[in-house]
Amino acid sequence: MDGSTAAETLSVGGRDYRFAPLAAAERAGHRLTRLPYSLRILLENLLRRQGQPGSGVTPEGIAALVQWEPRATPSREIAFMPARVLLQDFTGVPAVVDLAAMRDAMRQLGGAATRINPLQPVELVIDHSVQVDEYGSEAAFLLNAERELERNRERYAFLRWGQKAFANFRVVPPDTGIVHQVNLEYLARVVMAEQHDGAMWAYPDTLVGTDSHTTMINGLGVLGWGVGGIEAEAAMLGQPISMLVPQVVGFRLDGRLREGATATDLVLRVTEMLRQKGVVGKFVEFFGKGLRNLPLADRATIANMAPEYGATCGIFPVDAVSLDYLRFTGRSGEQVALVEAYMKAQGLFHQDDSEEAEYSDLLGLDLASVEPSLAGPRRPQDRVALSQVPAGFARELSSLAGHGGRNQPRLTTVGRWEGEGGNTADTAVAEPEVDDGVACEYQDARFRLRHGSVVIAAITSCTNTSNPSVMVGAGLLAKKAVERGLVSQPWVKTSLAPGSKVVTRYLAEAGLTPYLERLGFHLVGYGCTTCIGNSGPLPEPIRAAVEDGKLVVAAVLSGNRNFEGRIHPDVRANYLASPPLVVAYALAGRIDVDLLHEPLGTDMAGRPVFLRDVWPSQQEVDEVLRAALRSEMFQREYADVFSGDERWQNLPVPEGETYAWDASSTYVKNPPYFDGMTVEPQPVEPIRGARVLALLGDSVTTDHISPAGSIKLKSPAGQYLVELGVSPRDFNSYGARRGNHEVMMRGTFANVRLRNRLVPDVEGGVTIHLPDGEQTSIFEAAMRYQQDGVPLLVIAGKEYGTGSSRDWAAKGPRLLGVRAVIAESFERIHRSNLVGMGVLPLEYLPGDSADVLGLTGRETFEVLGLEEGVAAGRTGFEVTVRGDRPAGGEISFRVRARLDTPEELEYYRHGGILHYVLRQLAKS
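Every value quoted in this text rests on a predicted model; they were computed, and no experiment measured them.

Undergrad: Quick rundown of the packing of aromatic side chains? Include the residues and the values.
TA: This model, assessed by the stated rule, comprises 22 aromatic pairs. Centroid distance Y186 to Y638: 5.1 Å. Interplanar angle 5°. Geometry classified as stacked. Of the two residues, Y186 is situated in helix 6 (residues 179-187) and Y638 in the loop between helix 22 (631-637) and helix 23 (646-649); the sequence distance between them amounts to 452 residues. A relative accessible area of 32% places Y186 in the partly exposed class. Three or more aromatic residues joined by ring pairs make a cluster, and in this case those are F158, W161, F166, Y659 and W661. Over the aromatic face of Y203 sits the side chain of R48, whose NZ or CZ is 4.0 Å from the ring centroid.

Structural data, given as structure tokens:
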């Protein structure tokens, strides 16, 4: 390719569209069909933008895609510009805060504040702030909505200012739906149409979002993935996203799901397989004859959990199923015609006889082999077959119980049959408890809570509530259970939090809502709720019993995340499951039940009722869907989606092109990132005299680094709010307070399940201050170090920063004074976020680790060679880390600076991506 591809014209419905033809690659002698679908989308992105000022597109970048080598280690850089940016409110509020702060900083640097403005469509859906305060009643939704607005009035007024002050910025108000389901059902275009230089251009809909599960839209054939808020802000401001041309793993699907298996079971199996394969930093692309048997909603469920299986994206091609979905969800006939014509003209439309692309690696799955499953108790990739859940819980119980549990299980070695071959293995499992649990009384019921009691059963999260099949399945199971006289156990907190109003429409139309409500699954809100940690408080008698007995109780949710400390601070075992299984576990009331052989309960005649007795057939589900789910439901619910209710419309809207910061606000504050900023960056300097703030193990998640859930009264953040006169009842969550850096600094590393090896016998945000060795909170230690001018390091193991694309997991450490993180490996998004905030990710060379090197975290470190590496413009250069041991002696080792592209080198040199963008705009 010579970088001078001529545009062509496509006529659809009497209208002409210009487009950048991928066929130019064929005419240049390259076989386009060998490229995976996702790489063809990236290639179009470069071809269309080549020659544009500031595009970052080079002939070498285009050649890197056209001449893609499937098995080559990624090394070729391209500049990708998404067509739009998608935000949710937890990450969106701080993004808008940063843009507002950049407007102030732009004025200080002598530029016009309005230079800071989104240059492409930005859509924000408020979905992360509703909590399950009330449940189990018809009033739950209204009461939770009122509490949400009461808690978040400042944030929402700020977003309304942003909607008015910034161009290209739209907000979907609260109580509407979950961002990814709204994106799937309404916002996604699949093909964009935009006026440019006097012509209408058509091109693929692509996006980045400030939430890991942005990938859900891959199920509709739209290429997109989650990035940190920092990277998204730069994209809003016209900066291309620098990325390496990825490897693409092909995942062949064959056959069809068997009776009793759901899309949830399928995605848990896919997640398990891909985690075992190792796809971090790679694209995953699904293909094969099994696609014809997968409804769009099932594809979206699989794509949603790409972060859980570790891939950048998990994409399905556009095909006839995609077009049917667009029609059914109310997209215009003109839009569907454009999608079909454009995709076919570009060779992007998948049909049964489409040529199979080349891939970096291949996996395959016969859909008929998928069995009912859960995942847990800690990670979404830890799939457990339904039949093995009791044994799996028993194996995990000792580690889940932690230190000092009153009912600490005794372990015994027993022979167990493992696998189909009949081999025996000695496996340590927990004996049944000797005592009889903890007595509890709640709502006129007396019972005993034990290890394994299910205290939360939540139908929640876009992952599954976007899928009508599993939602109707849950409703039918509830109907059959109620008709047999079953009830949910009184200690279970039940909730229904769908991702769009369409769900409640079709459940009501099918007559299933009353049965769900009889079992306590009343509507509590339209939002992420339990999946994001907004599960709300447990009833006080339940909470007290759990604490008194130090019980390992369980949550079962139809979500995508179950990391430690995420769902609820008092719930140690968390399992992902399909919505029907969520209902089943609410009926059973315990996680260590064998649902294949033990009854859920007894009917009115005293006869046992088993799961198989109430499980709906796929034919029953399909019949309900045909009768109850209609296209006009989507059209009606999304007709006025940006308007909001009367409460939203009556919120005050501040005036002005810059925001009038309120010094008394506990939600929105002007962050200090740009304080003292100069037009030119300061030179990069070595890190000297550094101390270790935290010494961490493997799989430290962004939830560990920057929790989104409840704020503890005795935590630094809780004490800060109390000092400002905020009642604990009004603490809200860390996620909701991300617009206040003072709260978020104090919440950094505040997860109650964090394990810092500097204080091995304590869980939570605790460390030791060195050299005196005093034990204190991580925040207090960091402030003392900062006062003394001591830079800080974090040392970790493998997969540091896995989980949500949480920008505060980078912003918080930066504000605490962390200059670098040394880890064995980084999750993709978090590494990018660290660079974006000017925190240096350093990776051990192969074979090295903190354990191998004998690091204790008590050393004093220096990092040497940074200035030379940055000045030389070398990506991925090595530096030396030298440490002085407290008892004398020295250690020295090499690490790799994970600055992977020239753009990242520039971001780091400027102190972060926002500083870089601000300086470029100020100069221009």
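Undergrad: Describe the side chain of S733, listing the residues and the values that go with them.
TA: Within the secondary structure, S733 is located in the loop between helix 25 (716-723) and helix 26 (741-747). For S733, a relative accessible area of 2% translates into the label buried. Excluding residues that lie within four positions of it along the chain, S733 makes contacts with F90, Q131, N534, A708, G709 and I711.

Undergrad: So what's going on with the sheet that holds strand 28 (residues 687-695)? Which residues, and what values?
TA: Pairing is mixed around the closed barrel formed by seven strands, whose spatial order is 28-31-32-33-36-35-34. Averaged over all adjacent pairs, the angle separating strand axes in this sheet is 35°, with direction ignored. Sheet topology note: the strand 35 (residues 878-884)/strand 36 (residues 890-897) ladder contains seven bridges and is antiparallel. The residue of strand 36 that forms the bridge with V879 is V895.

Undergrad: Just give me the short version of the confidence of the model for the protein, but keep the residues and values in it.
TA: Confidence in the prediction for the protein averages 92 pLDDT; 96% of positions are at 70 or higher. Across residues 403-434, where pLDDT falls below 50, the model places 60 contacts with residues more than four positions away in sequence or in other chains.

Undergrad: Describe helix 19 (residues 579-588), and please don't skip the residues or the numbers.
TA: Of all the 10 residues making up helix 19, 10 are buried; the element is thus mostly covered by neighbouring parts of the structure. Along helix 19, the positions that sit buried rather than exposed are P579, P580, L581, V582, V583, A584, Y585, A586, L587 and A588. Phi turns positive, to about 80°, at G589, one or two residues after helix 19.

Undergrad: Hey, could you go over the state of the cysteines for me, with residue numbers and the actual values?
TA: Applying the stated criterion across every chain, the model contains zero disulfides. This cysteine, C313, is not joined by any disulfide, and C462 carries the nearest cysteine sulfur, 17 Å off. Residue C313 is classed as buried on the basis of its relative accessible area of 0%.

Undergrad: An account of the pattern of salt bridges is needed here, citing residue identities and associated values.
TA: If you walk through the whole model with that rule in mind, you get 69 salt bridges. Among the salt bridges present, the one from R252 reaches E356, with a minimum N-O distance of 3.3 Å. Of this pair, R252 sits in strand 12 (residues 248-254) while E356 sits in the loop between helix 12 (333-345) and strand 15 (361-366), and the two are 104 residues apart along the sequence. Judged by relative accessible area, which is 39%, E356 ranks as partly exposed. A salt bridge links R898 to D900; the shortest N-O distance between them is 2.7 Å. Neither R898 nor D900 differs from the other in exposure class; each is buried.

Undergrad: Tell me what's going on with the environment of R636, and back it up with residues and numbers.
TA: Counting through the fold element by element, R636 comes out in helix 22. Sequence separation between R636 and V339 is 297 residues; the distance between their C-alpha atoms is 23 Å.

Undergrad: Which residues make up unusual backbone geometry, and what are the values?
TA: In this structure, P377 follows G376 across a cis peptide bond, with omega equal to 10°. Tracing the backbone shows P377 in the loop between strand 16 (373-375) and strand 17 (383-385). For the bond from L770 to P771, the omega torsion is 10°, close enough to zero to count as cis. Along the chain, P771 turns up in the loop between strand 29 (766-769) and strand 30 (774-777). Its identity is not glycine, yet D197 carries a phi of approximately 55°, on the positive side. With respect to the element layout, D197 can be found in the loop between strand 7 (191-196) and strand 8 (199-204). The exposure class assigned to D197 is exposed, which follows from its relative accessible area of 71%.

Undergrad: Residues and numbers for the pairing of strand 20 (residues 438-442), please.
TA: Each regular strand displays side chains that alternate between the two surfaces of the sheet. The alternating pattern of strand 20 places V438, C440 and Y442 on a buried face and A439 and E441 on a face that is not buried. Where strand 20 lies against strand 21 (residues 445-449), five bridges are found, and the strand directions are antiparallel. Across the sheet, the residue bridging to E441 is R446, located in strand 21. Hairpin remark: strand 20 followed by strand 21, antiparallel, with two residues in the connecting loop; positive phi at Q443, about 50°.

Undergrad: Which residues make up the environment of E233, and what values do they have?
TA: Looking at the element boundaries, E233 is found in helix 7 (residues 229-236). In this structure, the C-alpha to C-alpha distance between E233 and A823, residues 590 residues apart in sequence, is 26 Å. Not counting the four nearest positions on each side in its chain, E233 is found in contact with P94, A95, D98, K811 and L914.

Undergrad: Before we move on, can you summarise the sheet that holds strand 10 (residues 223-226) with the specific residues and values?
TA: Strand order in the open sheet formed by five strands is 6-5-4-9-10, with parallel pairing between adjacent strands. Either end of the sheet is taken by a strand with one partner, and the two such strands are strand 6 (169-172) and strand 10. Strand-to-strand, the axes of this sheet are offset by a mean angle of 20°, without reference to chain direction. As paired strands, strand 9 (residues 206-209) and strand 10 are joined by four bridges and run parallel to one another. Looking across to strand 10, one finds that V208 is bridged to W225.

Reading the values: rules and limits
- Residues numbered from 1 in each chain as written.
- Predicted model: local features only at pLDDT ≥ 70, side-chain atom pairs only at ≥ 80, totals over all residues.
- Heavy atoms only, no water.
- Phe/Tyr/Trp six-rings, centres within 6.5 Å; stacked < 30°, edge-to-face > 60°.
- Helix = DSSP H or I, 4+ residues; strand = E, 2+ residues; numbered from the N terminus.
- Buried < 20%, exposed > 50% of the residue type's maximum accessible area, 1.4 Å probe, protein only.
- Lys NZ or Arg CZ within 6 Å of the ring centre and 35° of its normal.
- Contact = heavy atoms within 4.5 Å.
- Pairing = 2+ DSSP bridges.
- Axes fitted to C-alpha atoms, helices over the stretch in contact; angles between N-to-C directions.
- pLDDT = per-residue confidence, 0-100.
- Disulfide = S-S within 2.5 Å.
- Salt bridge = Lys/Arg side-chain N within 4 Å of Asp/Glu carboxyl O.

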